[in-house]
Amino acid sequence: MHSKSKRIVYLSLFALLAILFLQQGVNAQTNDLLLEAKQQWDTYLVGGTCIPGSHNLFAGDVDGDGIVEIVTGGILYDANGSFASGYGPLRIWNWNGQTVTLEVAQNWKGSISCVYAADLNGDGTVEIITAGSSRNQTGQPTTSLKIWQFKDQELTFVTEYERISINSLVVADLNNDGALELVSVGGYSSDSKVSGQLCIWHFENESLTLTQRFILDEADVKRANSVFTADLNKDGVIEIITAGYAGNLNNSKGQLCVWHWTGQELILKAAEQWQNLEGYALTISGSVQGNTMVNSVKSADLNGDGLEEIVTGGSSFDGANVTAQVRIWGWNNETLTLRENKEWASDYLNEVKCVSLGNVDGDSRIDVVTSGAVCSKGSFSGNATVSEMAQLRVWGWDGGVLTLKYDMDWVTDEGVCAWNVATADLNNDGSKEIISVGCSYLSDLCDPDMRIWSIPIDNTKNGESFPTFYLAIATGAVILAVVIVAVFQHLKKK
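Predicted model, so just to flag it, every value in this text is computed and none were measured.

1. A word on the nonpolar core
Core analysis: the largest hydrophobic core is formed by 34 residues, its most contacted members being Leu-198, Ile-240, Leu-256 and Ile-310. With near-sequence residues (within four places) excluded, Leu-256 lies in contact with Ile-241, Thr-242, Ala-243, Ala-270, Ala-271, Glu-272, Trp-274, Val-297, Ile-310, Thr-312, Trp-329 and Leu-336.

2. Let's talk about the pairing of strand β30 (residues 433-442)
The two faces of a sheet get side chains in turn, since along a regular strand they alternate between them. Burial runs high along β30: nine of the ten residues are buried. Relative to strand β32 (residues 450-454), β30 runs antiparallel, the two sharing three bridges. Bridging across to β32, Ile-434 finds its partner in Trp-453. In the sheet, β30 pairs with strand β31 (residues 445-447) via three bridges, with the strands oriented antiparallel. Across the sheet, residue Ser-440 finds its bridge partner in β31, namely Asp-447. Count of turn residues in the β30/β31 antiparallel hairpin: two residues, of which Ser-443 carries a positive phi of about 60°.

3. Notes on the layout of surface pockets
Approximately 480 Å³ is the volume attributed to the second largest pocket. Along the wall of the second largest pocket there are 26 residues; nearest its centre are Phe-58, Tyr-116, Phe-228, Lys-298 and Ser-356. Residue assignment for the lining of the second largest pocket shows that the elements contributing at least two residues are β3 (57-60), β7 (100-118), β11 (168-172), β15 (221-230), β21 (292-300), β25 (349-358) and β29 (415-424). Split into classes, the residues belonging to the lining of the second largest pocket amount to 17 nonpolar, eight polar and one charged.

4. Considering the sheet that holds strand β13 (residues 193-204)
Taken in spatial order, the four strands of this open sheet run β11-β12-β13-β14, and their pairing is antiparallel. Unpaired on one side and paired on the other, β11 and β14 (207-215) mark the two borders of the sheet. On average, adjacent strands in this sheet sit at an angle of 30° to one another, irrespective of strand direction.

5. Concerning the side chain of Glu-103
You can see Glu-103 is positioned in strand β7. The side chain of Glu-103 sits in the buried core without any salt bridge; Arg-91 is the nearest counter-charge, 13 Å away. Residues contacting Glu-103, with those up to four places away along its chain left out, are Asp-63, Glu-69, Ile-92, Trp-93, Asn-94, Phe-150 and Gln-153.

Criteria and cut-off values
Residues numbered from 1 in each chain as written. Predicted model: local features only at pLDDT ≥ 70, side-chain atom pairs only at ≥ 80, totals over all residues. Heavy atoms only, no water. Core = buried A, V, L, I, M, F, W, Y, C linked by side-chain atoms within 4.5 Å. Buried < 20%, exposed > 50% of the residue type's maximum accessible area, 1.4 Å probe, protein only. Contact = heavy atoms within 4.5 Å. Helix = DSSP H or I, 4+ residues; strand = E, 2+ residues; numbered from the N terminus. Pairing = 2+ DSSP bridges. 1 Å grid on protein atoms, 1.4 Å probe; cavity = no way out; pocket = protein on both sides within 12 Å on 5 of 7 lines; lining within 4 Å. Points joined across faces, edges and corners; volume = space filled by probe spheres on them. Nonpolar A, V, L, I, M, F, W, Y, C, P; charged D, E, K, R; others polar. Axes fitted to C-alpha atoms, helices over the stretch in contact; angles between N-to-C directions. Lys, Arg positive; Asp, Glu negative; His and termini not counted. Salt bridge = Lys/Arg side-chain N within 4 Å of Asp/Glu carboxyl O.

Rendered as structure tokens:
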């Protein structure tokens, strides 16, 4: 072969190898989540704001402007104050793809433990619901459920109901009468009795009514941490799903219950309890962590078979460490079936605080997004040399195996926990972002450490990626070069 012809082939082959190397480099980075934005509160370094709990973040269009807002709660305090004398900091934000903007801020004496939003009375205006506490003129705190409306950049307080403990909220038409019910779960105590409770609320004419309250001792619900609603088997009937733990904290069992509300009665349809072994772990500050518990429950059709799966996130004690735990369950209208269990530990205390379900990588299936923390023993002490790390993970389930697709751990200030996570298309670009928020700490000061993440989409939407496109071009170039050389040699022989 002529030396010039050889050079053509060699250059073409070199281009092909370069593209292959580029493709491998890009593919090696597909497990990375892209941090799009980070937002601190105005109290950063001068006071403190913390957003604990597992239901203190909501993403949705709460003012009817076609843009998804981020609603956050928590507790705010000044540098000389304490959580006990703090304020409930209701905040509404938006992100346009470049900048995080605070739309409205409202504080009151008390705290916010969870937030939600829905058009409760069907009048076309979304209500924002906050649950937590309020302090009256004498400074005495009481549990509080508040209703707000946000229109034309104005936040308006509508009504309030006191003295009901609430950990989690959800809204659904439970009895197919065309009207939405607000469902809450929380704690109940009377004398020596401690149990979970479920409440059903009705909102009409700017009035909030407690329709019914159920004490959940039938299923030995010691603590109800999370509630969700769904038509799990697509029979037209909405189920209420609750999760938390059963038994005493020092030997707690993870718990999942499915209920049906008839309009009068709350009927237990199925219940499951579990733990790896007996005993309990301690928190990083030395108090009782417990054994096994669920912090967050959601449901969706994860594998596209037309039926919804239930996803629980929490933690379990394995005798040495507290392992983070994600479980996927099926329900056949009679029994709950464990379809998948995933546990992991990279340090002493690993915990899933919150679960969100959404298609965040552009493929055809809904992803399981979990947030939480990884902590070492004694890391909360004043002389600790290690920090708490926030953890964010994205999982995929094909009906058989739960696969880790993306993960991110990070540390900011002296330590951080990602208490809450949500998924939504914040900037209307057709792709869902991941929003994490929680609490980072620096000495006695806290910040929510709100972060917006995305997954770089390469080959998930169009069936081929940017480097694959150039791989095809390079391959074609090599083939063309070989053909040209062959023709040239053939003509030369003639």
